[in-house]
Amino acid sequence: MGEFKVHRVRFFNYVPSGIRCVAYNNQSNRLAVSRTDGTVEIYNLSANYFQEKFFPGHESRATEALCWAKGQRLFSAGLNGEIIEYDLQALNIKYTMDAFGGPIWSMAVSPHGSQLLVGCEDGSVKLFQITPDKIQFERNFDRQKSRILSLSWHPSGTHIAAGSIDYISVFDVKSGSTVQKMLVDRQYMGVSKRKCIIWGVAFLSDGTVISVDSAGKVQFWDSATGTLVKNHLIANADVQSIAVSDQEDSFVVGTAEGTVFHFQLVSVTSNSSEKQWVRTKPFQHHTHDVRAVAHSPTALISGGTDTHLVIRPLMEKVEVKNYDAALRKITFPHRRLISCSKKRQLLLFQFTHHLELWRLGSTVATGKNGDTLPLSKNADHLLHLKTKGPENIICSCISPCGSWIAYSTTSRFFLYRLNYEHDNISLQRVSKMPAFLRSALQILFSEDSAKLFVASNQGSLHIIRLLEGSFKHLHTFQPQSGTVESMCLLAVSPDGNWLAASGTSAGVHVYNIKNLKLHCTVPSYNFPVTALAIAPNTNNLVIAHSDQQVFEYSIPDKQYTEWSRTIQKQGFHYLWLQRDTPITHISFHPKRPMHILLHDAYMFCIIDKSLPLPNDKTLFYNPLPPTNESDVIRRRTAHAFKISKIYKPLLFMDLLDERTLVAVERPLDDIIAQLPPPIKKKKFGT
């Protein structure tokens, strides 16, 4: 692998936002996740659980409900009283509509996917018709006395159940009138509480309504008679969410104690046809409230205040007992939040509403392999750049020379010129940035910091020439005819001649910057691109996909390289393919053209193309430290993949120079320490 001095950076004080709601789409096998800062993320479960799209948050959008409608249409609603539809191609908000009922607490799409229901603060339940372009208000149902916190359709689409405070209402959809009202017992552990909040309801085909409430109960009701059939007390705190499988043979609930319970419909005796609901499995994968759950055909999905998205496969539903049956825990976004200026040894950290610029520390001490060297100069926090307005930052970048910072929000694009004088830093904003640069999904500077490349959410790519304190718009590459697919990833060659851009599903496009023309398109692949980079000198484009495949494509020759064809023919080692976090960054060693450097959240790898490829019988990764010098040499020449798992969770890693690496880590314990305290549970013997 070679020896490097490594800057281990742990002052990126990043805390992901908590998960507020999740919605699973069975047709596309995608999961929509909304977070407490208003961000909405789309995960492709078929593509190794990759976060392929995201919509930036907004301070005024506290999302309380999320659902999919017919035709892969995604809606959300929240406490600002608006219903939002998202454009999944252009990655922006299609439109917003006020429901005129105050804050919206719940939302549900009809079984046929053509009608949308929302439950409001003023006790109203409103029905909307989903038209091809928009949604249209149809009518109000009978108003209730308190806010509607949960909604569920009967699978036939004729009735709905609505959970409120202290009672559950059943409505007839045709007339809009209440046909049944079921009062919920306020008793909690033998003590009467003031209120019982119905956090979730589920309406089954046989007329059963399942409710979960703030008294820690899961209750089964007969909607025809309005009577309580069965009661399960499962927690000492609120049961906050419920999701039922499509077959209605199992459901999952999440509690404020961080526990997820699985209920299954099982036969009373081995040969009887009578079935009953039984609590079968508790899972404790969260430390805090489980605010949202979803039930896919093969897995239970949960998320909450502790920011983790947990996917727990149901072993009885997984056909092949391989790595797909393993538990997944997604904490960090599958996109880069950090950029680096190698020349000045600066790091730019992106937060929700501000940017931080840090200068790395330095040392004059020396030592042997594995030593921790003391700093002779500490890291400096040079700049705290706060955004104006309520919008979240989408993306940001610092130029390689450290003299430019650019970032984008949904409605504005910002470019700053930095001037360094001894230990002082001054900031000058470049005014009158063109409106077409806003909503940029990716920003990149050329190696010489003379050009700025901006990928907009409308599928176009803009090239800007940077002058002293000003700019000039050079060219715009328009999207291919008939597409508006957004470009999410950019890579520029070190010589400044080539620009590669990748969308969420189409292939990678390579543009000739000198001639300002499309040079070629890399053949599209079934899985989305997670990272790409262009090698110096050879101009080979290295592409990583979410299924952990890595391709090398020669831009001048417009074909895959011989090494890439060889590795595709032989196949990657099975341990490489079983990694569950995507590669988020690729770089190259300036003096070693055969080396490719890449990393995911849990490993850093150098691929040496001059060495033989490992097969499945090869020892792929040896966690034990080398015993002597000959062991070091043997490991270096064993096979092409040199892996280090010392740094984790790894948010960013790159070469600063030939002998120096920078690694930005974010330990999970540091994140949990900044979360609100969880509910205190008494442990046996304490």
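Residues numbered from 1 in each chain as written. Predicted model: local features only at pLDDT ≥ 70, side-chain atom pairs only at ≥ 80, totals over all residues. Heavy atoms only, no water.

Looking at the sheet that holds strand β43 (residues 470-477)
Part 1: With respect to topology, four strands assemble into an open sheet ordered β40-β41-β42-β43, the strand pairing being antiparallel. Each of the sheet's edge strands pairs with one partner strand only, and the pair in question is β40 (440-445) and β43. Taking the axes of each pair of neighbouring strands and ignoring which way they run, one obtains an average angle of 20° across the sheet.
Part 2: As defined by bridge partners, strand β42 (residues 461-467) adjoins β43 across seven bridges and the pair is classed as antiparallel. For L461, the partnering residue across the bridge sits in β43 and is F477. (Pairing = 2+ DSSP bridges. Helix = DSSP H or I, 4+ residues; strand = E, 2+ residues; numbered from the N terminus. Axes fitted to C-alpha atoms, helices over the stretch in contact; angles between N-to-C directions.)

A short note on the nonpolar core
Part 1: Ranked by size, the top nonpolar core spans 24 residues in total, and within it W576, I586, L598 and F641 carry the most contacts.
Part 2: Of all elements in the fold, only β48 (529-534), β49 (540-545), α1 (562-570), β52 (585-589), β53 (592-599), β54 (604-608) and β55 (641-644) reach the threshold of two or more residues within this core.
Part 3: If near-sequence neighbours (up to four positions away) are discounted, W576 is found in contact with Q548, V550, I583, L598, M603, C605, F620, F641 and I643. (Core = buried A, V, L, I, M, F, W, Y, C linked by side-chain atoms within 4.5 Å. Buried < 20%, exposed > 50% of the residue type's maximum accessible area, 1.4 Å probe, protein only. Contact = heavy atoms within 4.5 Å.)

Section: the domain arrangement of the protein
Part 1: The assigned domain composition of the protein is domain 1 (19-239) and domain 2 (240-330).
Part 2: Using only C-alpha atoms to locate each centre, domain 1 and domain 2 end up separated by 19 Å.
Part 3: Across the contact, 34 residues belong to domain 1 and 34 residues belong to domain 2.
Part 4: For the pair domain 1 and domain 2, the two sides together bury roughly 2700 Å², of which 66% comes from carbon and sulfur.
Part 5: The three residues of domain 1 that bury the most area against domain 2 are I19, Y49 and I234, which together make up 23% of that side's buried surface.
Part 6: Taken together, domain 1 and domain 2 are joined by zero salt bridges.
Part 7: At the junction of domain 1 and domain 2, the tally comes to seven residue pairs in polar contact (both at pLDDT 80 or more).
Part 8: If you list the elements that add at least two residues to the side of domain 1 that touches domain 2, you get β2 (19-25), β3 (30-35), β20 (198-203), β21 (208-213), β22 (217-222) and β23 (227-233). (Domains from an automatic or database assignment. Buried area = accessible area lost by both parts, 1.4 Å probe. Salt bridge = Lys/Arg side-chain N within 4 Å of Asp/Glu carboxyl O. Polar contact = N/O pair within 3.5 Å; in protein donor to acceptor, adjacent residues only side chain to side chain.)

A word on the sheet that holds strand β1 (residues 5-9)
Part 1: With mixed pairing, the three strands of this open sheet are ordered in space as β1-β57-β56. Every other strand in the sheet has two partners, leaving β1 and β56 (650-657) as the edge strands with one partner each. The mean inter-strand angle of the sheet, taken between neighbouring strand axes irrespective of direction, is 20°.
Part 2: Pairing geometry for β56 and strand β57 (residues 660-665), over six bridges, is antiparallel. Note that in β57 the partner of L650 across the bridge is E665.

Quick notes on the pattern of salt bridges
Part 1: Using the criterion set out here, one finds 17 salt bridges in the structure.
Part 2: Salt-bridge contacts for E64 lead to R20; the nearest nitrogen and oxygen are separated by 2.7 Å. Here the residue E64 occupies a position in strand β6 (residues 63-69), and R20 occupies one in strand β2, the gap between them amounting to 44 residues. Neither E64 nor R20 differs from the other in exposure class; each is buried.

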